Amino acid sequence: MPYYRVVGEVPRKRHVQFRRPDGGLYAEELMGEEGFSSDSSLLYHRHLPTAIVKAEAVDLAAPDLTPNLPLSPRHFRTPDLTPTGDLITGRQPLAGNSDVRISYVATDRPSDLYRNSMGDECVYIASGRARFESTYGVLEAAEGDYVVIPTGTIHRWVPEGRLTALVVEAAGHIRPPRRYLSAYGQFLEHAPYCERDLRAPSEPLVVDGGETQVLVRTRRGLTRLTYAHHPFDVVGWDGCLYPYAFNIQDFEPIVKRTHAPPPVHQTFEGPGFVICSFCPRPLDFHPDAVPIPYNHHNVDSDELMFYVGGDYSARRGSGIDVGSISLHPAGFTHGPQPGAVEAVVDAVRRGHSETSEMAVMIDTFRPLDLGAAALACEDPAYAWTWAR
């Protein structure tokens, strides 16, 4: 994270004696990235965060992924998927590679405590609401929120009714793009969002319980650890590493007189991928502009687009709708459907002046393989819609 926060009770200096009301010492836990050479936070527990009483291997096979062969554009209809599990165990794999795994979830169940020690997660709430609880406190998340969860954060999800989400699991850290930040981490004036748009826990969630199980994911698999005390016993923390939420409605689109390419929509970056937000904006306003994406071929990337709201003029006639996911792989040139360009130009002549579409896009720099859930909800006719 690019700036410092303090929540709850902390001593005036770090790593000095900080005592409980009964005279005992609070236990420090330093959460730090990149060998403690990058962002970190210092948490103060009532009990030792190291005290475990049991460790059990969990036999849960990694999802099989299938190469995108024969190479073709794909359309997946996520509303056709059957809900299963909670926001942790109910993730249905859509696509992935060695850098990132992308899943879809539909659930109304609370999850157990979970720690992903493989990398950061970014959960986009497509519909519904949920309470996100962690060692850092509570975040209330709702439709349109990206919730970014640092590696190693113990947390759980408690939906309020039915919730759908797109889950991005990285093999490293997810951060704001470097070009949006000063050398010291402040958002710059040209950035499409800033510190005021980010929501983080504002007070501790203190749970003083007994033995508690936590499901832990590492690169070697899953383990269920039983802690001697509930890990949400944190009375305070400070630092620059913590979970936070950012709503897509707070993204300020960058516009040009003619059509701008996807980097203007970039919201986050991860190892080997970027996340972009397509939001309502003024249409390109050059008098002769073609206010719709041109045919394009990002030769280094696969492009996965999750359609979350509005009207998709470029995809007219393709079957794309809210809840759809398109995958346009490197090696395939893609662009507006037949007739879409003239239709938008005519709409502008009649006074149409802004877009309404909303979408979350993930561009990866390694090919995306396909998950079983994607293949189960695929529209097999999509690849041929440009030839109609």
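Look above for the structure.
Read on for an overview of the structure. (Residues numbered from 1 in each chain as written. Predicted model: local features only at pLDDT ≥ 70, side-chain atom pairs only at ≥ 80, totals over all residues. Heavy atoms only, no water.)

### Here's the deal with the overall build of the protein
Point 1. Scanning the protein from terminus to terminus reveals two helices and 26 strands.
Point 2. Along the three orthogonal principal directions, the C-alpha set of the protein runs to about 75 × 45 × 35 Å.
Point 3. Taking all 388 residues of the protein together, 53% fall into the buried category.
Point 4. A sequence separation of at least 24 residues applies to 75% of the contacts in the protein between residues at least 6 apart.
Point 5. Put simply, the protein shows about 17700 Å² of open surface, and 51% of that area lies on carbon and sulfur atoms. (Helix = DSSP H or I, 4+ residues; strand = E, 2+ residues; numbered from the N terminus. Buried < 20%, exposed > 50% of the residue type's maximum accessible area, 1.4 Å probe, protein only. Contact = heavy atoms within 4.5 Å. Areas by Shrake-Rupley, 256 points an atom, 1.4 Å probe, with all protein chains shown as cover.)

### Some details on the sheet that holds strand β20 (residues 244–247)
Point 1. Pairing within the open sheet is antiparallel, and its nine strands lie in the order β5-β26-β7-β8-β15-β10-β13-β20-β16. In this open sheet, the two edge strands, each paired with only one partner strand, are β5 (65–66) and β16 (198–199).
Point 2. Two elements, strand β8 (residues 100–107) and strand β15 (residues 163–170), share eight bridges in a ladder whose sense is antiparallel. The residue of β15 that forms the bridge with isoleucine 102 is valine 168. (Pairing = 2+ DSSP bridges.)

### Quick look at the pattern of salt bridges
Point 1. In this structure the tally under the stated criterion is 21 salt bridges.
Point 2. Arginine 175 is the partner of glutamate 34 in a salt bridge, and the nearest nitrogen-oxygen pair spans 3.3 Å. Placement of glutamate 34 in the loop between β2 (27–32) and β3 (40–45) and of arginine 175 in the loop between β15 and β16 is noted, with a sequence separation of 141 residues between them.
Point 3. Classification of arginine 175 as buried rests on a relative accessible area of 18%.
Point 4. With a closest N to O distance of 3.7 Å, arginine 129 and glutamate 160 form a salt bridge. With arginine 129 in strand β11 (residues 129–134) and glutamate 160 in the loop between β14 (155–159) and β15, this pair connects stretches of sequence that are 31 residues apart.
Point 5. Each of the salt bridges in this network shares a partner with another, and the network as a whole consists of Arg91, Arg101, Glu121 and Glu169. (Salt bridge = Lys/Arg side-chain N within 4 Å of Asp/Glu carboxyl O.)

### Description of the sheet that holds strand β6 (residues 74–77)
Point 1. With respect to topology, six strands assemble into an open sheet ordered β6-β24-β23-β25-β22-β21, the strand pairing being antiparallel. Taken across any chain shown, the strands that pair with only one partner, and hence form the sheet edges, are β6 and β21 (266–270). The mean angle between the axes of side-by-side strands here comes to 15°, regardless of whether they run parallel or antiparallel.
Point 2. Alignment of strand β22 (residues 273–278) against strand β25 (residues 358–364), held across six bridges, turns out to be antiparallel. Bridged to valine 274 within β25 is aspartate 363. (Axes fitted to C-alpha atoms, helices over the stretch in contact; angles between N-to-C directions.)

### Some points on the nonpolar core
For soluble globular proteins, the rule of thumb is that nonpolar side chains tend to be buried together.
Point 1. In this structure, Tyr124, Tyr146, Phe268, Ile275 and Phe306 are the most contacted members of the largest nonpolar core, which totals 53 residues.
Point 2. Looking at this core element by element, the count peaks at four residues for β8.
Point 3. If we skip the residues at most four places from it in the chain, tyrosine 124 touches Gly144, Asp145, Tyr146, Thr164, Ala165, Leu166, Ile248, Phe306, Val308 and Val360.
Point 4. Core analysis: the second largest hydrophobic core is formed by 19 residues, Ala141, Leu163, Leu215 and Leu222 among them. (Core = buried A, V, L, I, M, F, W, Y, C linked by side-chain atoms within 4.5 Å.)

### Topic: the environment of glutamate 303
Point 1. Its location among the elements puts glutamate 303 in strand β23 (residues 302–309).
Point 2. Along the chain, glutamate 303 and serine 326 lie 23 residues apart, while their C-alpha atoms are 7.9 Å from each other.
Point 3. Setting aside its immediate chain neighbours within four residues, glutamate 303 contacts His296, Ser326, Leu327, His328, His334, Met361, Ile362 and Asp363.
Point 4. At a separation of 3.2 Å, a polar atom in the side chain of glutamate 303 contacts the side chain of histidine 334. (Polar contact = N/O pair within 3.5 Å; in protein donor to acceptor, adjacent residues only side chain to side chain.)

### Notes on the pairing of β23
Point 1. Most of β23 is tucked away, with eight of its eight residues classed as buried.
Point 2. Pairing of β23 with β25, which is carried by seven bridges, proceeds in the antiparallel orientation. Paired with glutamate 303 across the strands is aspartate 363, a residue of β25.
Point 3. Of the strand pairs in this sheet, β23 and strand β24 (residues 324–328) are connected by four bridges, and their pairing is antiparallel. Residue pairing for β24: phenylalanine 306 is matched across the bridge by isoleucine 325.

### A closer look at helix α1 (residues 340–349)
Point 1. Residues Ala340, Val344, Val345 and Ala347 constitute the buried set of α1. Buried residues of α1, viewed axially, fall in a sector of 160°; they line one side. For α1, exposure combined with an orientation more than 90 degrees from the buried face picks out Glu342 and Arg349.
Point 2. With its phi angle positive at about 110°, glycine 351 sits one or two positions after the end of α1. (Arc of directions from axis to C-beta.)

### Notes on the pairing of β24
The side chains of a regular strand alternate between the sheet's two faces.
Point 1. Within β24, five of the five residues are buried, which leaves it mostly tucked inside the rest of the structure.
Point 2. Every second residue of β24 is oriented toward a common face, with Ser324, Ser326 and His328 on one face and Ile325 and Leu327 on the other, all of them buried.
Point 3. Where β6 meets β24, four bridges bridge the pair, whose relative direction is antiparallel. Its bridge partner lying in β24, arginine 77 is registered against serine 324.

### A word on unusual backbone geometry
Peptide bonds are, in most cases, trans, and in most cases residues other than glycine have a negative phi.
Point 1. Note that the residue after leucine 69, namely proline 70, is joined by a cis bond; omega there is -5°.
Point 2. Counting through the fold element by element, proline 70 comes out in the loop between β5 and β6.
Point 3. With a phi angle near 55°, glutamate 34 is a residue other than glycine that sits in the positive phi range.
Point 4. Look at phenylalanine 36: it is not a glycine, yet its phi comes out positive at around 60°.
Point 5. Within the element layout of this structure, phenylalanine 36 appears in the loop between β2 and β3.
Point 6. With relative accessibility at 54%, the residue phenylalanine 36 sits in the exposed group.

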